[in-house]
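What the coordinates show
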Number of protein chains: 2
Amino acid sequence: MNVFIATVQGATATLTPEESWHCAKVLRNKSGDTLRIIDGKGNSYEAVLTLVTDKKCEARITAGPFLQQTRNYNLHLAIAPTKQLDRIEWMLEKAVEIGINEVTFILCANSERKHLNVDRLRKIAESAVKQSLQSRIPIVNSLIPFSEFIARSSNSQKFIAHCSDASKEDIKTLSFANKSTIALIGPEGDFTKAEIDSALASGFRPISLGTTRLRTETAGLYVVQAAAFLS
Amino acid sequence: MNVFIATVQGATATLTPEESWHCAKVLRNKSGDTLRIIDGKGNSYEAVLTLVTDKKCEARITAGPFLQQTRNYNLHLAIAPTKQLDRIEWMLEKAVEIGINEVTFILCANSERKHLNVDRLRKIAESAVKQSLQSRIPIVNSLIPFSEFIARSSNSQKFIAHCSDASKEDIKTLSFANKSTIALIGPEGDFTKAEIDSALASGFRPISLGTTRLRTETAGLYVVQAAAFLS
């Protein structure tokens, strides 16, 4: 059964314009077809199409809401996008498949990539939500300067994975269960000393990610998987 | 410092023909340049180039061998290659970065991809070994029929991740420490019932990989990360 993102009011689901186009033109659904609706906030429904046009599709809810099980952890990954865009794109797809709450892209002193099409990344995240049969869409934030992210980071447990020599906690010793976690992953050239110092001063704890040297996107996904296994 | 794969005899390292080409023509190294040598078996060295031609480069060992730390688990992943080749390629790259001993590609009843250029995949594995500063190259086996793989699988602890309804052990409850593990991951259309039955009859235990539906390549990497975290 095809899955579409829609806003739900009462017994009526209205597909977003993009989803309507996809439903009508790409998948060539017809009025009367059954589909699965997700609202992006954790609810899914079964529904029957009642209106099919290129710009707007509507469906009548026939079952639901079915609530997506909540994970026992909240993970916010802040990561410098890679020079090669496809590397960060697959990281995001995989992070969403496995489970993540929020992703923020950060601009660091050593970042080679200084611009990012966040709409494209949001579409990748939405597609991964649908593909992995989830119904809650993670927040994907635009690229912001490292210093700005550090300044507004909240009271969560906060980690920074950098490659400089320093005493670090092994990620395998951490617990993510029933906690809200922010994890910082730097660019290909790593964080600068000034960035590391400023993160430490803001309460970020340095962590090590195993014994091998991981690429930026692998490090990001490693943290996502750590939360899944250590919770 | 650039890293190259070579055979080492006494104090002389001889780069493979491909590595020699890369060293001489791509990276334009000169006699006298220092480099890092790995033998693919877990040893690394520092060396100085003594001979540089397109087809053959030699170096004199100046320090080492430095032995790569052995992981406390042995993981052999048997996975059906994905229809889109880049998906299985990145899975292999990431699996090697994080740590794996052996990968076998399996041909299943529902496999859409029936041919595979294993030489290209071996190069990706070698490149990931060098990039992640390891010195042991995992074994990458050619595509073989599922039944053949099942028949020759050894006395390791053996798991199969399939999507059919059945009682399964949650991967989070397993231990990989001080064990040799084989994990089977099926194609996009999943294993057939006959394949699952035959694996179970050969001692494979069904496992579940979390609460979301993972793509084939994400499932493969999920098991690799499980071994890293649960050991």
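Residues numbered from 1 in each chain as written. Chains lettered and ligands numbered in written order. Predicted model: local features only at pLDDT ≥ 70, side-chain atom pairs only at ≥ 80, totals over all residues. Heavy atoms only, no water.

Before going further, it helps to examine helix 6 (residues 216–229) of chain B. Here helix 6 of chain B is 14 residues long and its end C-alpha atoms lie 20 Å apart, about the 20 Å a rise of 1.5 Å per residue gives. Of all 14 residues that make up helix 6 of chain B, 14 are buried, and the element is covered over most of its length. (Helix = DSSP H or I, 4+ residues; strand = E, 2+ residues; numbered from the N terminus. Expected span 1.5 Å × (residues − 1). Buried < 20%, exposed > 50% of the residue type's maximum accessible area, 1.4 Å probe, protein only.)

All names here are of chain A. Most of strand 3 (residues 34–38) sits out of view: 4 of its 5 residues are buried. Two elements, strand 1 (residues 3–9) and strand 3, share 3 bridges in a ladder whose sense is parallel. Across the sheet, the residue bridging to V3 is R36, located in strand 3. As defined by bridge partners, strand 3 adjoins strand 4 (residues 43–52) across 5 bridges and the pair is classed as antiparallel. Following the sheet pairing, I38 is matched in strand 4 by S44. The antiparallel pairing of strand 3 with strand 4 creates a hairpin that spans 4 residues between the two strands, and G40 there sits at a positive phi of about 80°. (Pairing = 2+ DSSP bridges.)

On to the relation of the copies chain A and chain B, then. The transform that puts chain A on chain B rotates by 180° and translates by 0.0 Å along the axis, for an RMSD of 0.0 Å. Read as a symmetry element, the transformation amounts to a two-fold axis. By residue overlap, the copies meet face to face through one surface: 100% of the interface positions of chain A are interface positions in chain B. (Least-squares fit on C-alpha atoms with pLDDT ≥ 70 in both. Contact = heavy atoms within 4.5 Å.)

Another point: the sheet that holds strand 2 (residues 12–15) of chain A. Residues and elements named next belong to chain A. Around the barrel, 5 strands lie side by side as 1-2-5-4-3; this closed barrel has mixed pairing. Mean inter-strand twist for the sheet, computed between neighbouring axes without regard to direction, equals 50°. Taken strand by strand, helix 1 (residues 17–26) contacts strand 1, strand 2, strand 4 and strand 5 (57–67), and its axis lies near 130° from that of strand 1. Where helix 3 (residues 118–131) meets the sheet, it contacts strand 1 and strand 3, and its direction lies at approximately 95° from that of strand 1. (Axes fitted to C-alpha atoms, helices over the stretch in contact; angles between N-to-C directions.)

Each side of the interface is counted separately: chain A has 29 residues, and chain B has 29 residues. Across the chain A/chain B interface, buried area totals approximately 2,700 Å², and carbon plus sulfur atoms make up 56% of it. Joining chain A to chain B, the criterion identifies 22 residue pairs in polar contact (both at pLDDT 80 or more). Secondary structure elements with two or more residues in the side of chain A that touches chain B: helix 2 (85–98), helix 3 and helix 6 (216–229) of chain A. (Buried area = accessible area lost by both parts, 1.4 Å probe. Polar contact = N/O pair within 3.5 Å; in protein donor to acceptor, adjacent residues only side chain to side chain.)

Let us look at the packing of helix 2 (residues 85–98) of chain B against helix 3 (residues 118–131) of chain B. A packed helix pair is summarised by two numbers, namely the angle formed by the two axes and the spacing between the axes. Residue and element names in this part refer to chain B. Running from amino to carboxyl end, helix 2 crosses helix 3 at an angle of 35°, the nearest separation of the two axes being 8 Å. By crossing handedness, the relation of helix 2 to helix 3 is classed as right-handed. Contacts between helix 2 and helix 3 involve I88, E89, L92, E93, V96 and E97 from the first element and R120, L121, I124, A125, A128, V129 and Q131 from the second. A per-class count over the contact of helix 2 with helix 3 returns 8 nonpolar, 1 polar and 4 charged. (Left-handed = near helix turned anticlockwise from the far one by under 90°. Nonpolar A, V, L, I, M, F, W, Y, C, P; charged D, E, K, R; others polar.)

Right, let's get into the confidence of the model for chain A. Residues and elements named next belong to chain A. Predicted confidence across chain A gives a mean pLDDT of 94, with 100% of residues reaching 70 or more. For chain A, the element scoring lowest by mean pLDDT is helix 4 (residues 146–152), at 92; strand 7 (residues 102–107) scores highest, at 97. In the predicted assembly, ipTM is 0.88 and pTM is 0.91. (pLDDT = per-residue confidence, 0-100.)

All names here are of chain B. Here strand 1 (residues 3–9) pairs with strand 2 (residues 12–15) via 4 bridges, running antiparallel. Following the sheet pairing, A6 is matched in strand 2 by L15. Adjacent in sequence and paired antiparallel, strand 1 and strand 2 are bridged by 2 residues, among which G10 carries a positive phi angle near 60°.

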